[in-house]
Amino acid sequence: MNGTPLVTKVKEIIDKYNGSQERLIQILLDLQKESGQNYLPEDCIEEVSSILDMPLGKVFEVATFYSMFNNEPKGRYVIEVCKSAPCHVTGSKNVAKMFEDALNIKMGETTSDNMFTLQYSSCFGGCDVSPAIKINEIIYGNLTMEKINEIIDMYRRK
Amino acid sequence: MAKIVKLISKNCGKIIPGSVEDYVKAGGYKGLKKAMKMDPKEIIEEVKKSGLMGRGGAGYPTGKKWEQAYANSRKPEYVVCNGDEGEPGTYKDRLILSQDPLRLIEGMTIAAYVFNIKEGYIYVRGEYLDLQETINSAIKNAEEANYLGENILGSDFSFHINVVWGAGAYVCGENTALLESIEGKSGRPRKKPPFLTLVGLHQAPTLLQNVETYSNISYIVEHGGEEYHSYGTEYSGGTKLVCLSGNIAKKGVYEIPFGTPIREIIYEIGGGIPGGRNLKFVQLGGSSGACFKDEKLDTPMCYKALQDNGLKLGSGALLVIDDSNCVIDFLKCITEFFIHESCGKCTPCREGNTRLLELLDKFSKGKAEKEDIDRLCEISGLMKRASFCGLGQAATTALADCIKYMKDEFLEHVDGHCRAGVCSMSGKEER
């Protein structure tokens, strides 16, 4: 598993946090963002463990405990459809279906051009515009099929 | 007529978030300036008089917590803010963090002054990473204006705030799990006691409160505890940020004085239920909160009145569910949430939620028998008694209430009928 360019950036990111073991979560968040594919490659986790001088198991524990960390490559943009109760009762299933149709993939899948991953999420506080979705860090709500197509087009053009 | 009172949300949408100039112009930092001329014990006395209770969900009296921490031989060494609001339907801390972060920072600074604490942490859920810039700039601006950092306002008092981001874990809203997460570990709750005011972050005494709790402090110090208290009721001082979500016309966060009946909040402030639908039930306090029907809607929002009616304010999330929804389908959604969020440390929570979902699934497929209702109650009772932390203990609150108030619908599902037409009943023929 050698050769991911990301592995060379691990040291730089860790230095930003003064090599502190306590900042492990922040380091992994930065690394995942830097990956461009929203995940933590195994060789990077190994590198983090070696530079921070922490047992590999401890780093893996954190990298798998938190739901925002992915251990498999995702699309450049991760579309998360909230499925918690406030969005559920206002029709999150319909929104999920609309995205499945618009992107021609099923929940949990990634488009063949690696642009979008579609998945469910727990509540992220977009309840005022429910059913809500989040694309990477940005929340969108009050969705219609037309608006969904517009959003997807906008991200494709980015 | 229900009214909105803006004590802590008055700047929201009115000022540039994190701008010290704007914040001060709007009356900010008067609380801190006044506090720094007061004796710490006087400040604690005002907080006690205010009747402020922890706004994260547990509702422990803030003044009492401060008094106890102050009386300990080793005083708190860290001020920590819980900004991990993960209860579905709760987005009030997001309002403060995104619209008026300096109010939180001022509140934490006053708390730090009381205990002469040098270091503070704001822990924010990773789902709010879009607010990173706003929060960081607020801290930087406060430091530059000498309201934060070394020798605050020319005094001997120095206080620094670090921001730590979570990475998606509902359980980190539990205070001890949150500290584990600040320490860079996975967020599994610690055993209590010892309580945090004795053994907290880095094993040192720690003062930990919710975003909304700290955000009330500057108002209380500036105007006095009594004035703050007078907005609310005898048992619940001041105001509360409530979050309206679900099948309601005007979803949003509203600051209401304690004592406002839930019915007024839903129908007057929230504009009622849209689409000509009727109210089915309400869930208060997030997915771990109680469910109730119309009969209890006249209960005033007040810790005591709610408690007398078997309810808990929790985070202040008010989820409205209309009659297009099925109670079994709703409970499946809640249970799936807890399966996803259980940290896996203890068996009752880890296994219990999974078994509950299996049983609920039988109801939705028309394969359940009457005895399955008893099985749901049995598992739910066990989880409540035997789970290690509040997550597992409260995970079945909604289930227990729904069986209590809507047992007829469970029985209908046993007979193969879903009145809302939501459940598939696909296994009905197999029986």
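1. Focus: the overall build of chain B
Here's step 1: Counting secondary structure elements, chain B contains 18 helices and nine strands.
Here's step 2: Relative to the compact-globule value of 22 Å for 431 residues, chain B shows a C-alpha radius of gyration of 22 Å, a close match.
Here's step 3: For chain B, with 431 residues in total, the buried portion stands at 56%.

2. Considering the pairing of strand β6 (residues 252-257) of chain B
All names here are of chain B.
Here's step 1: Buried residues dominate β6, accounting for five of its six residues.
Here's step 2: Where strand β5 (residues 239-246) meets β6, six bridges bridge the pair, whose relative direction is antiparallel. Bridge pairing in β6 links Leu241 to Glu255.
Here's step 3: Linkage of β5 to β6, two consecutive antiparallel strands, is achieved through a turn of five residues.

3. Some thoughts on the interface of chain A and chain B
Here's step 1: The interface is formed by 30 residues belonging to chain A together with 40 residues belonging to chain B.
Here's step 2: Within the residue set of the side of chain A that touches chain B, elements represented by two or more residues are α2 (24-35), α4 (56-65) and α5 (85-88) of chain A.
Here's step 3: Broken down by element, the side of chain A that touches chain B gets its largest block of residues, four residues, from α2(A).
Here's step 4: Taken together, the residues that form the side of chain A that touches chain B break down as 15 nonpolar, nine polar and six charged.

4. Considering the sheet that holds strand β3 (residues 133-135) of chain A
Two modes of strand pairing occur in sheets, parallel and antiparallel, and in both the strands are linked by backbone hydrogen bonds.
All names here are of chain A.
Here's step 1: Here we have four strands laid out as an open sheet, ordered β2-β1-β3-β4, and mixed in their pairing. At either end of the open sheet lies a strand with only one pairing partner, and these are β2 (116-121) and β4 (138-140). The sheet shows a mean angle of 25° between the axes of neighbouring strands, taken without regard to direction.
Here's step 2: Pairing of β3 with β4 involves three bridges; the strand directions are antiparallel. Directly across from Ile135, in β4, lies its bridge partner Ile138.

5. As for the domain arrangement of chain B
Residues and elements named next belong to chain B.
Here's step 1: With domains assigned, chain B is organised as domain 1 (20-230), domain 2 (239-322) and domain 3 (327-430).
Here's step 2: When each unit is reduced to the centre of its C-alpha atoms, the spacing between domain 2 and domain 3 is 23 Å.
Here's step 3: Each partner contributes to the interface: domain 2 provides nine residues, whereas domain 3 provides ten residues.
Here's step 4: Here the side of domain 2 that touches domain 3 takes three residues from strand β8 (residues 290-292), the largest share from any one element.
Here's step 5: Counted by class, the side of domain 2 that touches domain 3 contains four nonpolar, four polar and one charged residues.

6. A word on the environment of A:Asp101
Here's step 1: Along the polypeptide, A:Asp101 turns up in helix α6 (residues 92-103).
Here's step 2: With 29 residues separating them along the chain, A:Asp101 and A:Ser130 place their C-alpha atoms 20 Å apart.

7. Section: the domain arrangement of chain A
Here's step 1: The domain architecture assigned to chain A consists of domain 1 (5-65) and domain 2 (77-157).
Here's step 2: Summarising the inter-unit geometry, the C-alpha centres of domain 1 of chain A and domain 2 of chain A are found 28 Å apart.

8. Concerning the confidence of the model for chain A
Here's step 1: For chain A, per-residue confidence averages 94 on the pLDDT scale, and 97% of positions sit at 70 or higher.
Here's step 2: Ranking the elements of chain A by mean pLDDT puts helix α7 (residues 145-157) of chain A last with 95 and α5(A) first with 98.

9. A word on the packing of helix α3 (residues 42-52) of chain A against α4(A)
Residue and element names in this part refer to chain A.
Here's step 1: Contact geometry of α3 with α4 gives a least axis separation of 9 Å together with a crossing angle of 125°. Considering their axes alone, α3 and α4 lie oblique with respect to each other. With respect to the hand of their crossing, α3 and α4 are arranged in right-handed fashion. Contacts between α3 and α4 involve Ile45, Glu46, Val48 and Ser49 on the former and, on the latter, Leu56, Val59, Phe60 and Ala63.
Here's step 2: For the contact of α3 with α4, the residue count by class is six nonpolar, one polar and one charged.

10. Description of helix α7 (residues 132-144) of chain B
All names here are of chain B.
Here's step 1: Under the 1.5 Å per step criterion, the end-to-end length of α7 is 18 Å for 13 residues, consistent within 8% with the ideal 18 Å.
Here's step 2: Of all the positions in α7, only Ile135, Ala138, Ile139, Asn141 and Ala142 are classed as buried. Buried positions in α7, seen along its axis, are confined to an arc of 165° and lie on one side of it. Opposite the packed face of α7, turned more than 90 degrees from it, sit the exposed residues Glu133 and Glu144.
Here's step 3: In this structure, the buried side of α7 is in contact with α1 (20-25), α5 (92-99), α6 (101-115), β2 (119-124) and β3 (160-165).
Here's step 4: One or two steps after α7, the chain reaches Asn146, where phi turns positive at roughly 65°.

11. Structural notes on the sheet that holds β3(B)
Residue and element names in this part refer to chain B.
Here's step 1: One open sheet holds the four strands; their spatial order is β3-β2-β1-β4, and the pairing between them is parallel. The two strands at the open ends of the sheet, each matched to only one other strand, are β3 and β4 (206-210). Across the sheet, the mean angle from the axis of one strand to that of its neighbour is 20°, orientation sign disregarded.
Here's step 2: Each of β1 (78-83) and β4 is contacted by helix α9 (residues 211-223), which is oriented at about 95° to β4, the strand it contacts most.

12. Overview of the confidence of the model for chain B
Here's step 1: Of the residues in chain B, 99% reach a pLDDT of 70 or more, and the chain-wide mean stands at 96.
Here's step 2: As a predicted assembly, this complex carries a pTM of 0.95 together with an ipTM value of 0.95.

13. Considerations on the nonpolar core
Here's step 1: Core analysis: the biggest nonpolar cluster contains 175 residues, and A:Leu28, B:Ala111 and B:Leu318 have the highest contact counts within it.
Here's step 2: If you tally residues by element for this core, the top one is α6(B), at ten residues.
Here's step 3: For B:Ala111, the residues in contact, after removing those within four places along its chain, are B:Val79, B:Leu207, B:Tyr214 and B:Ile217.

14. A word on the packing of α2(A) against α4(A)
Residue and element names in this part refer to chain A.
Here's step 1: The interhelical angle for the contact between α2 and α4, taken along N-to-C directions, is 65°, at an axis separation of 11 Å. Pair α2 / α4 crosses with right-handed handedness. The segment α2 lies against α4, with Leu24, Ile25 and Leu28 engaging Val59, Val62 and Ala63.
Here's step 2: Partitioning the contact of α2 with α4 into residue classes produces six nonpolar, no polar and no charged.

15. A few points about the pairing of strand β7 (residues 279-284) of chain B
Residue and element names in this part refer to chain B.
Here's step 1: Across the six residues that make up β7, a large majority, five, are buried.
Here's step 2: Bridging between β7 and strand β9 (residues 317-322) involves five bridges; their strand directions are antiparallel. Counterpart to Leu284 in the pairing with β9 is Leu318.
Here's step 3: Relative to β8, β7 is paired through three bridges, and the arrangement is antiparallel.

The rules we used
Residues numbered from 1 in each chain as written. Chains lettered and ligands numbered in written order. Predicted model: local features only at pLDDT ≥ 70, side-chain atom pairs only at ≥ 80, totals over all residues. Helix = DSSP H or I, 4+ residues; strand = E, 2+ residues; numbered from the N terminus. Rg over C-alpha atoms; globule rule 2.2 N^0.38 Å. Buried ≥ 20, exposed ≤ 12 C-beta atoms within 10 Å, placed from the backbone. Pairing = 2+ DSSP bridges. Contact = placed C-beta atoms within 7 Å. Nonpolar A, V, L, I, M, F, W, Y, C, P; charged D, E, K, R; others polar. Axes fitted to C-alpha atoms, helices over the stretch in contact; angles between N-to-C directions. Domains from an automatic or database assignment. pLDDT = per-residue confidence, 0-100. Parallel < 35°, antiparallel > 145°, perpendicular 65-115°, else oblique. Left-handed = near helix turned anticlockwise from the far one by under 90°. Expected span 1.5 Å × (residues − 1). Arc of directions from axis to C-beta. Core = buried A, V, L, I, M, F, W, Y, C linked by C-beta atoms within 7 Å.

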